[in-house]
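# Structure assessment
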Amino acid sequence: MRRRPNYLAGAGSLLWLFLVGLPLYVMLAATVRTRQDYAENGPVSFPDSFTLENYTSAFDSGFGQYFVNTLLVTACVIGIVLLLVPPLAYAIVRSRGRTTSAIFRLFLLGLAIPAQAVIVPMFYLISEAGLYDNLLGVILPTAAFCLPMSALILSGAMRDISPELYEAMAMDGATPRRMFFQLVLPLSRGGLSTIVVFSALQAWNGFLFPLVLTQSDSTKVVTLGLYNFQTEHGIDIPGLLGAVVLSMVPVLLVYLFARRALVQGLMGVGGK
Amino acid sequence: MTTKITSARPAAGPRNGSRRRPPASSATKVGRPGFAWALPAAVFFALFAIVPLIMVAVLSFMSWDGISSPEFVGTDNWSRLMDDPVMFKSIWLTLLLTVLGVAVQTPLSIVLGVWAAGNQRNRAVLSVIYFIPLLLSATAVSVLWRALLDPNFGIPAEATWLFGDGNLFGEQATAIGVLAFVSTWQFTPFHTLIYQGAARAVPQVLYQAAEIDGAGRYRQFFHITLPQLRNSMITSMILMIVGGLTTFETVLILTQGGPGTDTTISAYYMYDKAFKGFDFGTGSAIALALVVAATIISLVVVRVSGYDKMRSTMEGVS
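Quick caveat: nothing in here was measured; it's all calculated off a predicted structure.

### Some points on the overall build of chain A
Of the regular secondary structure elements, chain A holds twelve helices and zero strands. Tracing chain A from N to C terminus, the helices and strands come up as α-α-α-α-α-α-α-α-α-α-α-α. With the principal axes as the frame, chain A shows a C-alpha extent of 75 × 65 × 30 Å. Residue burial in chain A is summarised as follows: out of 272 residues, 58% are buried. Taking the intrachain contacts of chain A between residues at least 6 apart in sequence as the baseline, contacts between residues at least 24 apart amount to 70%. For chain A, the accessible surface area stands at approximately 11,500 Å², while carbon and sulfur atoms represent 63% of it. Each charge class in chain A was averaged separately, 17 positive and 14 negative side chains, and the resulting centres sit 21 Å apart.

Spelled out as structure tokens, the structure:
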């Protein structure tokens, strides 16, 4: 059945494309022009100079260090999530106990706890634990706040494993542990990559925990670096936008390699 | 392989009368993990989310400057907030921005999502570009728009016919407009994606039947597509509401709550009180109010979306 093209929706989507595309063009163009060119010819014009100075100046103001810190935070958060969530999701899907379903409910409730709501006591706890201005003090709460959504995504993926497979293994006398390692983990690779991408995005883009729980330059992460760059050299717009572009490069790379996992994970949020 | 196992099953469990569930494994606990598997995650989560959540309630009855030890002051923080005009203004602004966000983003993302669910030729390219705002952190988005909307060097300076004197951050109405616009810019792609997925799942039979009955495109949209998107719409709107209540970076970076306190939303007010004014008790009280709002919404999420009923579909009976 061939349908007439939907001109109205097409026009709307083109308008939206313009709204998204124009800022992205201005951003990318600005990062390769000199400050003078940007100020004189305005943001929307075509660059008549070419320079990579905006990127090098971002590195000069400490972004190299911030990148290393953010990478460290992201890697540790992914590690914690991968260690804790698969057994949790396995129990949610397979366990029959009351305790497990209480724990599941706890995580469902946790979905709605905003980081802002707990930031004051978090500041207190982290200071008392001697972790203030320490990357570990950022890693732990960030990982904790990745758990609810990761548990939801992964348990969704694990539900797709056919019960017959478990029963076959049970007949062979397999223990829950063996089922976990030989059946559940290999079959939920898709879900696992989704939660890796999801937690990586959370950790990479995290702002509030680092803002409140760290102070010195040596523990600064990329998002804070952007914020500081903006408050300190707000007039150097090409330099600032260079830093913004740099901050998204790793995410874009992950996106290129894990597009499917990301899209599935995000769609999973919407429910059926 | 799977079919072979399935056919082997009835022979292994020849009990009659236990037909309400699939036999064998569900009836026994053999091969089922205990709650110990969930425990490490639960303890970790409790330590870094639930304990602070309880503490925020306790701290809201204390006075604490961040340096000396917290001191119990009863309902002082609360009664002070009750008399604080900025507090009420911040609640009003939070609600306003949230409602604006839902009102603008919902129709936009439904239309874009339904459109993207069709099979246009350039869809792949377009959806890659749609995606980019999703990948940018709220910080990067806010910094980007702050730069783009700079009154002297940004887009407003070029398009004075549209922006007037160009200082969008200097007046309440335009500052709120900017905040709503930036959230829309950032989050519409996400919701579009939700609707795109849902629109793809609408059974084609419905459209074919409607076509035979002679229903036009718009009648099909309003009588088939929209009702079919109901569940996604609820989930998406709840996510928008929770997101709206907890917006923070956008305000911190774009307006610092200004001009004056004209864009001071609750989350920003909490941060301002606690970490700039060193009044952590009052900050906690505001945070607690946020928690209550978010929890009520989460309960609605769990009820409406049926997340808590997943148990029933667990064994994949259907």
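### So, the interface of chain A and chain B
Listed as interface residues are 110 residues of chain A and, on the opposing side, 108 residues of chain B. Summed over both sides, the interface of chain A with chain B buries roughly 10,000 Å², with 75% coming from carbon and sulfur. At the junction of chain A with chain B, the criterion picks out zero salt bridges. Taken together, the links from chain A to chain B amount to four residue pairs in polar contact (both at pLDDT 80 or more). In terms of residues, the side of chain A that touches chain B owes the most to one element, helix α12 (residues 237–269) of chain A, which gives 15 residues. For the side of chain A that touches chain B, the per-class residue count stands at 80 nonpolar, 20 polar and ten charged.

### Points about the pattern of salt bridges
Residue and element names in this part refer to chain A. Considering all chains together, one arrives at five salt bridges over all chains under this definition. One salt bridge connects K220 with D217, and the closest N-O pair in it is separated by 3.0 Å. The class of K220 is buried, set by a relative accessible area of 9%. Since its relative accessible area comes to 46%, D217 is described here as partly exposed.

### A look at the UniProt feature "transmembrane region" (unreviewed entry) in chain A
Residue and element names in this part refer to chain A. UniProt records the feature "transmembrane region" (unreviewed entry) at residues 7–28, 66–90, 102–126, 138–158, 179–204 and 237–258, using the numbering of this structure. Secondary structure across residues 7–28 divides into 100% helix and 0% strand, with the first and last C-alpha atoms of the span separated by 30 Å. A distance of 31 Å separates the end C-alpha atoms of residues 237–258, which is 100% helix and 0% strand.

### A short note on the environment of L112 of chain B
Inspection of the secondary structure puts L112 of chain B in helix α4 (residues 85–117). As for L112 of chain B and Q196 of chain B, which are separated by 84 residues in sequence, their C-alpha atoms are 7.9 Å apart. Contacts of L112 of chain B, omitting those with residues within four sequence positions, involve G12, S13 and W16 of chain A together with Y130, T188 and T192 of chain B.

### So, the packing of aromatic side chains
Residues and elements named next belong to chain A. Under the defined criterion, the tally for this structure stands at 27 aromatic pairs over all chains. Look at F63 and Y66: their rings are 5.3 Å apart centre to centre, the planes differ by 65°, and that puts the pair in the edge-to-face class. Remark: Y66 and F63 occur in helix α3 (residues 53–94); sequence separation between them is three residues, near one turn of the helix. Both residues of the pair, F63 and Y66, count as buried.

### With respect to helix α7 (residues 163–171) of chain A
Most of α7 of chain A is tucked away: seven of the nine residues are buried. Taken as a whole, α7 of chain A has its buried residues at P163, E164, L165, Y166, E167, A168 and M169 of chain A.

### Concerning the confidence of the model for chain A
The predicted model of chain A averages 86 in pLDDT, with 94% of residues at 70 or higher. In the model of chain A, α12 of chain A stands out as the element of lowest mean pLDDT, 78, in contrast to helix α10 (residues 208–213) of chain A, which has the highest, 95.

About the thresholds
Residues numbered from 1 in each chain as written. Chains lettered and ligands numbered in written order. Predicted model: local features only at pLDDT ≥ 70, side-chain atom pairs only at ≥ 80, totals over all residues. Heavy atoms only, no water. Helix = DSSP H or I, 4+ residues; strand = E, 2+ residues; numbered from the N terminus. Buried < 20%, exposed > 50% of the residue type's maximum accessible area, 1.4 Å probe, protein only. Contact = heavy atoms within 4.5 Å. Areas by Shrake-Rupley, 256 points an atom, 1.4 Å probe, with all protein chains shown as cover. Lys, Arg positive; Asp, Glu negative; His and termini not counted. Charge placed at Lys NZ, Arg CZ, Asp CG, Glu CD. Buried area = accessible area lost by both parts, 1.4 Å probe. Salt bridge = Lys/Arg side-chain N within 4 Å of Asp/Glu carboxyl O. Polar contact = N/O pair within 3.5 Å; in protein donor to acceptor, adjacent residues only side chain to side chain. Nonpolar A, V, L, I, M, F, W, Y, C, P; charged D, E, K, R; others polar. UniProt positions renumbered as here; feature names shortened; annotations may be inferred. Phe/Tyr/Trp six-rings, centres within 6.5 Å; stacked < 30°, edge-to-face > 60°. pLDDT = per-residue confidence, 0-100.

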